[in-house]
Amino acid sequence: MIHSRPMTRRIFLSALTASGASALGSGLAASVPVRISINTSRRLNIIPADFIGLGYEISSVSIPGLLSAQNQRYVQLVRTLGPSGVIRIGGNTADYASFAADGPAVSAPKGTVVTAAGFKQLAGFLDATGWKLIWGLNLGSNDQRQVLAEAMAVSAAVKEKLLAFEIGNEPDLFGRGTAHRPSTYNFDDYLREYQSYKAAIRAEFPNAPFAGPDVAGATNWVSPFAAGEASDLKLLTHHYYRQCAGPGATLERLLYPDPKLVPELEKLKAVSSSSKLPYRICETNSFCGGGQPGVSDTFGAALWVLDFMFNLASYACAGVNIETGMNQLGFVSSYSPIADDAAKPAYYGMLAFEHGSKGQRITADYDSQGINLTAYAVMNGSIPLVTIINKDFTHDAAVELHGLPEFKTCEAIRLTAPSLQSKEKITLGGASVDSNGKWSATMRETIPGDHTRWTIQVPMGSAAILTWR
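Residues numbered from 1 in each chain as written. Predicted model: local features only at pLDDT ≥ 70, side-chain atom pairs only at ≥ 80, totals over all residues. Heavy atoms only, no water.

(A) Main features of the side chain of Ser-272. Looking at the secondary structure, you find Ser-272 in helix 8 (residues 261–275). On the accessibility criterion, Ser-272 (13% relative accessible area) is buried. Each residue touching Ser-272, except ones within four places of it in the same chain, is listed here: Leu-236, Leu-277, Pro-278 and Tyr-279. (Helix = DSSP H or I, 4+ residues; strand = E, 2+ residues; numbered from the N terminus. Buried < 20%, exposed > 50% of the residue type's maximum accessible area, 1.4 Å probe, protein only. Contact = heavy atoms within 4.5 Å.)

(B) Just helix 4 (residues 144–158), in detail. Taking 1.5 Å per residue as the helical rise, helix 4 with its 15 residues ought to reach 21 Å, and the 21 Å between its terminal C-alpha atoms agrees with that figure. Burial in helix 4 covers these residues: Val-147, Glu-150, Ala-151, Ala-153, Val-154, Ser-155 and Val-158. Tucked into the core, helix 4 has its buried residues touching strand 4 (98–99), strand 5 (113–114), helix 3 (116–129), strand 6 (132–137), strand 7 (162–167) and helix 5 (187–204). Downstream of helix 4 by a residue or two, Lys-159 has a phi angle that is positive, lying close to 55°. (Expected span 1.5 Å × (residues − 1).)

(C) Representation of the state of the cysteines. Tallied over the entire structure, the rule returns 1 disulfide. Across the disulfide from Cys-244 sits Cys-288; the S-S distance is 1.7 Å. Residues Cys-244 and Cys-288 are joined by a disulfide whose S-S torsion is about -85°; by sign, that bridge is left-handed. With Cys-244 in strand 9 (residues 235–244) and Cys-288 in strand 10 (residues 279–288), this residue pair connects regions lying 44 residues apart in the sequence. (Disulfide = S-S within 2.5 Å.)

(D) Looking closely at the packing of aromatic side chains. What the rule picks out here adds up to 20 aromatic pairs. Judged by centre distance (6.0 Å) and plane angle (35°), the rings of Tyr-190 and Phe-225 are tilted. Taken as a pair, Tyr-190 in helix 5 and Phe-225 in helix 6 (residues 222–229) lie far apart in primary sequence, 35 residues in all. You can call Phe-225 buried: its relative accessible area is 0%. Pairwise contacts between aromatic rings join Phe-165, Phe-187, Tyr-190, Tyr-194, Phe-210, Trp-221 and Phe-225 into one cluster. (Phe/Tyr/Trp six-rings, centres within 6.5 Å; stacked < 30°, edge-to-face > 60°.)

(E) Fine view of helix 9 (residues 299–314). Along its 16 residues, helix 9 runs 23 Å from first to last C-alpha, staying within 8% of the 22 Å computed at 1.5 Å per residue. Counted residue by residue, helix 9 has 16 buried out of 16 residues, so it is predominantly covered. Of the residues flanking the end of helix 9, it is Ala-316, one or two places downstream, whose phi is positive at about 60°.

(F) Representation of empty space enclosed by the protein within the structure. Counting across every chain of the model gives 2 cavities of 30 Å³ or more. The computed volume of the second largest cavity comes to approximately 40 Å³. Lining the second largest cavity are Asn-92, Asp-95, Tyr-96, Asn-169, Glu-170, Leu-173, Thr-178 and His-180. Taken together, the residues that form the lining of the second largest cavity break down as 2 nonpolar, 4 polar and 2 charged. (1 Å grid on protein atoms, 1.4 Å probe; cavity = no way out; pocket = protein on both sides within 12 Å on 5 of 7 lines; lining within 4 Å. Points joined across faces, edges and corners; volume = space filled by probe spheres on them. Nonpolar A, V, L, I, M, F, W, Y, C, P; charged D, E, K, R; others polar.)

(G) View of the pairing of strand 7. With 6 of 6 residues buried, strand 7 is to be regarded as a mostly interior element. Bridge analysis of strand 6 against strand 7 gives 5 bridges, and the strand direction is parallel. Across the sheet, the residue bridging to Leu-137 is Ile-167, located in strand 7. Regarding topology, helix 4 serves as the crossover connection from strand 6 to the parallel strand 7, and that connection is right-handed. With 2 bridges joining them, strand 7 and strand 8 (residues 210–215) adopt parallel strand pairing. Along strand 8, the bridge assignment pairs Glu-166 with Ala-211. (Pairing = 2+ DSSP bridges. Right-handed = clockwise from strand over helix to strand, strands pointing away.)

Structure, rendered in structure tokens:
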């Protein structure tokens, strides 16, 4: 039994200074008491093992050596995020891309050419990482024969690693946001085209798996799509961005709740439940258009990613694909979790989620006392995990946790950086991802507690993952 006095702010800051994370607390922020009650007996949804995913424009497949088993550092970065996950290839470039079996490959925003050699390279990457594939087919060009040839080549290359085909990227924008269809284009038009393309592919590949409708924002398309396709569909797919990059894309806007997100997730959860189909947010990140420099590429975005992923899991989402790499405009996005074969801020949010999300959700009841703090709890077998995320700009949190009398010890690892605006010196458990793409915690804190109450300080602009034994 541990009998320890609660850690004081002075002791806490001294420990952080010793670990190189002193910037998390200046001693000036007001500390707000927050009580969290954990109920290990109230089990909720299981977070799927392949919840984590990465999303790429199709143009990435035509970059030699990128998504390749020979790119060992990149392979390791993906494997560090988990032994199973989902790669989604699609994006705006998919509806302008073409397939030429013998190449040459071209990576361009509106002129990408994918090849059989590129598919073979991608298959090796999937084998090396252990992840599966969602592949987006070109609906925009309205060339069914081309799509059929591409689908057959993809399936022949990746084999059992193919999770699903999507037909068209963000078809709800075809009649307004893109030039692929006339302004009168609607859901009924899309469904007819989808079913025609699906039938052509199935004639050659009878067991081809499909997902959709892959909408940008038309959540009202998901229910009729599920109603018509539920018996012949692998999963439902939808996109999400907080907003597009621009003057209003601030860190404050990113870190505070998006009023449109929860209503969308409630609708998707309801459709998923009624149709008995899982749903996946298969393209997402902070701000569309490549992200906002100085916001999407900072530590604040890491906290947003961590909170966003847990929020999705709270609404029974089956998984999420965080966009990375080259975007539809032809440059590497500011929001990329991986760039130049290195872990960027958003990656650390994904890594923290991987560490704290294994298992089945349980209830964590709390009142945040007006500060921008969230908490999530999971049972990993018989081990409870609690993730506390303090996205506040001005207040630390003095957290008390209750409801875990049968456990003897608790340890924590922290997600930290010098500031919310930091682009470097980000650590999880005292360690950064190394130059080979590997990570292992080097600092674990013992959290004081007496079986009825456990206490931890969570400074503003940081997160902590607690594990009980």
